[in-house]
Amino acid sequence: MPKVPVSEVPAAEVCAVVLAAGVGLRLRPLTRQCPKALCPVGNVPLLDLALSRVDAVGFTGPARVAVNASYLAEQVVAQVGDRAHISVEPHRPLDTAGALGKLRSWIDGRGVLVANCDAYLSPDDVHSLVDGWDGEVVRLLGVPTTPDDVNRFSGHRFAGLSLLPWNRVKDLPAEPASLVRVWRAAEADGMLEIVRYSGTYLDTGTPHDYLAANLHAAKRGTSGGNLIALDATVTGRCEHSVVGAGARVEGNLTRSVVWPGGRVAAGEHLVDAIRVGQDLTVRATPPSLA
């Protein structure tokens, strides 16, 4: 069967699901303030980055894009607004496969582009994952990994997005389960295809990787390696840092992130840290700026 570019597939045959239900235990205490999906990277919530990513490859609006929510679900629902169909998991997150099981009636026979909300990708272009898809194989976006990595697929580690045909989704129950079992089954059947991603990928699930993603975004800033919101007030010194909207920085920052509305007092010097509000500081091990 010849491959058909996704851009030529009828809209009813492919949809996208953005996974945003995670608790984010490894990011606490940051995720006691908001769900992981709303933690900002480069001054943009991860959820908005994910929605923009799927929009860029042709998936937009509640008929073609769904978002799941569970932990602090009301915040996720408010952030999504009318941009996508919402699937709330009220008791606990259903994990990646369970989320699709709950959405089966909405997916309704279509293939699914599944995007993990905590993925940071730069450049943010994933056309290679969807272009020329035949609607039958399972595709994973992947980055090269080491031979001793137990989570590898054909020498690659999953990089936040997968593309699943309906026949791999239609029997998933709305119960907690991971998509890894779906990928492994496709691999065993010879129906798994890895699309290599050559950019920078981070899953942002730990303070180290969350900080690294922000600092990578800061490198694209226009203020000496910093990314500073237009309405932030900065009178101290910033080096390779991100400062959010409405934040006030009177002290100094080195490889650090200040969330929107955050405060850094005169005399403070944050190094490899995330500041929320006036006094919540989460330290992270120094990430590579490569």
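The model shown is predicted, which means the values in this text are computed figures rather than measured ones.

Reading the values: the criteria
Residues numbered from 1 in each chain as written. Predicted model: local features only at pLDDT ≥ 70, side-chain atom pairs only at ≥ 80, totals over all residues. Heavy atoms only, no water. Helix = DSSP H or I, 4+ residues; strand = E, 2+ residues; numbered from the N terminus. Buried < 20%, exposed > 50% of the residue type's maximum accessible area, 1.4 Å probe, protein only. Polar contact = N/O pair within 3.5 Å; in protein donor to acceptor, adjacent residues only side chain to side chain. Contact = heavy atoms within 4.5 Å. Core = buried A, V, L, I, M, F, W, Y, C linked by side-chain atoms within 4.5 Å. Pairing = 2+ DSSP bridges. Right-handed = clockwise from strand over helix to strand, strands pointing away. Axes fitted to C-alpha atoms, helices over the stretch in contact; angles between N-to-C directions. pLDDT = per-residue confidence, 0-100.

**Remarks on the side chain of Arg-53**
So, point 1. On the secondary structure map, Arg-53 appears in helix α1 (residues 46-56).
So, point 2. By relative accessible area, which is 2% here, Arg-53 ends up buried.
So, point 3. Separated by 3.5 Å, the side chain of Arg-53 and the backbone oxygen of Ala-119 make a polar contact.
So, point 4. The residues touching Arg-53, leaving out its near neighbours within four places in the chain, are Ala-119, Tyr-120, Leu-121, Asp-124, Val-126 and Leu-161.

**Remarks on the nonpolar core**
So, point 1. Ranked by size, the top nonpolar core spans 61 residues in total, and within it Val-18, Leu-47, Val-67, Leu-113, Leu-141, Trp-259 and Ile-274 carry the most contacts.
So, point 2. Ranked by residues supplied to this core, first place goes to helix α7 (residues 207-218) with seven residues.
So, point 3. Setting aside residues up to four positions removed in sequence, Leu-141 forms contacts with Leu-121, Val-126, Ser-128, Leu-129, Arg-157, Phe-158, Ala-159, Leu-161, Val-195 and Tyr-197.
So, point 4. Counting residues in hydrophobic clusters, the runner-up holds 25 residues, among them Ala-99, Trp-106, Leu-140 and Ala-186.

**Describing the pairing of strand β4 (residues 65-69)**
So, point 1. With respect to burial, β4 is a largely interior element, five of its five residues being buried.
So, point 2. Here β4 shows a buried face lined by Val-65, Val-67 and Ala-69 and a second buried face lined by Ala-66 and Asn-68.
So, point 3. One ladder, built from four bridges, connects strand β1 (residues 14-19) with β4; its direction is parallel. Within β4, the residue paired with Leu-19 across the bridge is Asn-68.
So, point 4. Pairing between β4 and strand β5 (residues 85-88): four bridges, direction parallel. Counterpart to Ala-66 in the pairing with β5 is His-85.
So, point 5. Of the crossover connections in this fold, the one passing from β4 over helix α2 (residues 73-80) to the parallel β5 is right-handed.

**Quick word on the sheet that holds strand β21 (residues 269-271)**
So, point 1. Pairing is parallel in the open sheet, where three strands are placed in the order β15-β18-β21. Every interior strand has two partners, whereas the edge strands, β15 (238-239) and β21, have only one.
So, point 2. Taken together, the two bridges between β15 and strand β18 (residues 252-254) define a ladder with parallel strand orientation. Bridge pairing in β18 places Glu-239 opposite Thr-254.

**As for helix α3 (residues 95-102)**
So, point 1. Taken across its eight residues, α3 has six buried, putting it largely inside the fold.
So, point 2. Every buried residue of α3 is accounted for by Thr-96, Ala-97, Gly-98, Ala-99, Leu-100 and Gly-101.
So, point 3. Of the surrounding elements, those touching the buried residues of α3 are β1, β4, α4 (104-107), β6 (111-116) and β10 (156-164).

**Notes on the side chain of Arg-110**
So, point 1. With respect to the helices and strands, Arg-110 occurs in the loop between α4 and β6.
So, point 2. At 2.8 Å, the side chain of Arg-110 forms a polar contact with the backbone oxygen of Ala-63.
So, point 3. In terms of polar contacts, Arg-110 uses its side chain to reach the backbone carbonyl oxygen of Ile-107, at 3.0 Å.

**What about the sheet that holds strand β22 (residues 273-276)?**
So, point 1. Read from one edge of the open sheet, five strands run β13-β16-β19-β22-β23, paired in mixed fashion. The two strands at the open ends of the sheet, each matched to only one other strand, are β13 (227-228) and β23 (280-283).
So, point 2. Two strands pair when backbone bridges link them, and strand β19 (residues 257-258) and β22 are joined in this way by two bridges, in the parallel orientation. Following the sheet pairing, Val-257 is matched in β22 by Ile-274.
So, point 3. Most of the contacts of α7 go to β22, to which it runs at about 90°, and overall it touches β13, β16 (242-243), β19, β22 and β23.

**Notes on the confidence of the model for the protein**
So, point 1. The share of residues in the protein with pLDDT of 70 or more is 93%, and the mean pLDDT across the chain is 91.
So, point 2. Segment residues 1-12 is flagged for pLDDT under 50; beyond a separation of four residues in sequence, or across chains, it makes 18 contacts in the model.

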